[in-house]
Amino acid sequence: VSPHLVVAVDGPAAAGKTTTCKALSRRFGLGYLESGRTYRIIAFEALRRGLPPDNPVNVVDLCDELLRESREQDLLTSGRYGSADLRSPSVNVAVSDVARIHELRKRVTELVRLWARHQGRCIVEGRDIGTVVFPAAPVKFYLTASPEERARRRLGQEGGASYEEVLADVVRRDEADMSRAVSPLVPADDAIVIDTTTMDLEEVLARMGAACERRSVTFS
Ligand code: CDP
Ligand code: CDP
């Protein structure tokens, strides 16, 4: 299966990627993958094993070990990890370190491409899906919103921390993702950029759905 059947969705934290991707995957019958989950699983396992998440050799060895121990798909979609594991404040910090490691990104990129090849028609969200993983995807979205609005959204989903703490994490992760040397977060030249700061979910979904229909995601 060629990359022509991939819908790529990128953007910063809490821009609405997961929510919209799930809705579009149901509507158009597309497989769905959250690529950030794999980076979070690696970060979680590094912390659990006491490995420094910013050490490329340790982290790549860990990834290879996890790949040997389990099926490749486990690193992408395993339900073994709950959101308490993968979305903790310590993983939120460690994942930025892990995501900077070029050799790790190469492995994750290959895993995601392999998954997509088996899926056929699919929608994949992340930070570098339209720029690096599937540069030839026919439909690309870049969702964004102001940091303050995204912090409010994340707080509404997860609670726990204070607004100031959530905002600080969002801003720190934006900066880390946008400024790293490999695969920085940036809209692809041909991405449809949607600033959702003042839009509700229905409006965003209507825009995305219409673009998918224009590009014939509905039949192929
Ligand atoms: O859900 P949220 O947007 O907060 O984050 P995520 O999609 O789970 O991604 C967590 C982190 O993984 C991001 O902040 C990036 O550092 C990294 N990531 C990446 O580098 N490339 C991707 N394709 C997906 C995630
Ligand atoms: O995947 P990502 O981190 O980009 O964001 P998400 O987890 O899909 O969305 C964060 C929260 O914002 C969810 O509770 C959505 O319902 C909400 N939201 C949104 O995604 N888009 C809007 N236009 C308004 C609210």
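- As named in an unreviewed UniProt entry, the chain is Cytidylate kinase, taken from Lentzea jiangxiensis.
- According to UniProt, the comment filed for the chain under the heading Sequence similarities (unreviewed entry) is "Belongs to the cytidylate kinase family. Type 1 subfamily."
- Taken directly from UniProt, the Subcellular location (unreviewed entry) text for the chain runs: "Cytoplasm".

A short note on the packing of helix H3 (residues 56–69) against helix H7 (residues 102–119)
Phase 1: For the pair H3 and H7, the least separation of the axes is 9 Å and the interaxial angle reads 30°. The orientation of H3 relative to H7 falls into the category roughly parallel. Like other packed secondary-structure pairs, H3 and H7 cross with a definite hand, here left-handed. On H7, the residues that touch Val59, Val60, Cys63, Asp64 and Leu67 of H3 are Glu103, Leu104, Arg107 and Leu111.

Looking at the site of ligand 1
Phase 1: Near ligand 1, the surroundings consist of 18 residues, among which Arg40, Arg105, Asp128, Arg154 and Asp177 are the closest.
Phase 2: Separating an oxygen atom of ligand 1 from a side-chain N or O atom of Arg180 is a distance of 3.0 Å.
Phase 3: Protein chains shield 99% of the accessible area of ligand 1, which is 530 Å² for the free molecule.
Phase 4: Assessed atom by atom at 2 Å from the grid points, ligand 1 resides in the largest pocket.
Phase 5: Of all the secondary structure elements, the ones that give two or more residues to the shell around ligand 1 are helix H2 (36–48) and helix H10 (163–179).
Phase 6: Considering every element that reaches the shell around ligand 1, the biggest residue donor is H2, with three residues.

Some details on the packing of aromatic side chains
Each aromatic ring pair is characterised by the separation of its centres together with the angle its planes make.
Phase 1: One pass over the structure, following the stated rule, counts one aromatic pair.
Phase 2: When the ring of Phe44 is compared with that of Tyr81, the centres are 5.6 Å apart and the planes differ by 80°; the resulting orientation is edge-to-face. Highlighted residues: Phe44 in helix H2 and Tyr81 in the loop between helix H4 (72–77) and helix H5 (83–86), separated in sequence by 37 residues. With respect to burial, Phe44 and Tyr81 carry one shared label: buried.

Notes on the site of ligand 2
Phase 1: Surrounding ligand 2, one finds 16 residues, the nearest of these being Ala14, Lys17, Thr18, Thr19 and Met199.
Phase 2: Thr19 is positioned with one of its side-chain polar atoms (N or O) 2.5 Å from an oxygen atom of ligand 2.
Phase 3: Interatomic distance of 2.9 Å between a side-chain N/O atom of Arg154 and an oxygen atom of ligand 2.
Phase 4: For ligand 2, whose unbound accessible area comes to 530 Å², protein coverage reaches 84%.
Phase 5: Judged by its atoms lying within 2 Å of the grid points, ligand 2 is housed in the largest pocket.
Phase 6: Here the shell around ligand 2 is built from residues that sort into seven nonpolar, four polar and five charged.

What counts as what
Residues numbered from 1 in each chain as written. Chains lettered and ligands numbered in written order. Predicted model: local features only at pLDDT ≥ 70, side-chain atom pairs only at ≥ 80, totals over all residues. Heavy atoms only, no water. UniProt positions renumbered as here; feature names shortened; annotations may be inferred. Axes fitted to C-alpha atoms, helices over the stretch in contact; angles between N-to-C directions. Helix = DSSP H or I, 4+ residues; strand = E, 2+ residues; numbered from the N terminus. Parallel < 35°, antiparallel > 145°, perpendicular 65-115°, else oblique. Left-handed = near helix turned anticlockwise from the far one by under 90°. Contact = heavy atoms within 4.5 Å. Near = heavy atom within 4 Å. Polar contact = N/O pair within 3.5 Å; in protein donor to acceptor, adjacent residues only side chain to side chain. Areas by Shrake-Rupley, 256 points an atom, 1.4 Å probe, with all protein chains shown as cover. 1 Å grid on protein atoms, 1.4 Å probe; cavity = no way out; pocket = protein on both sides within 12 Å on 5 of 7 lines; lining within 4 Å. Sits in = over half its atoms within 2 Å of the grid points. Phe/Tyr/Trp six-rings, centres within 6.5 Å; stacked < 30°, edge-to-face > 60°. Buried < 20%, exposed > 50% of the residue type's maximum accessible area, 1.4 Å probe, protein only. Nonpolar A, V, L, I, M, F, W, Y, C, P; charged D, E, K, R; others polar.

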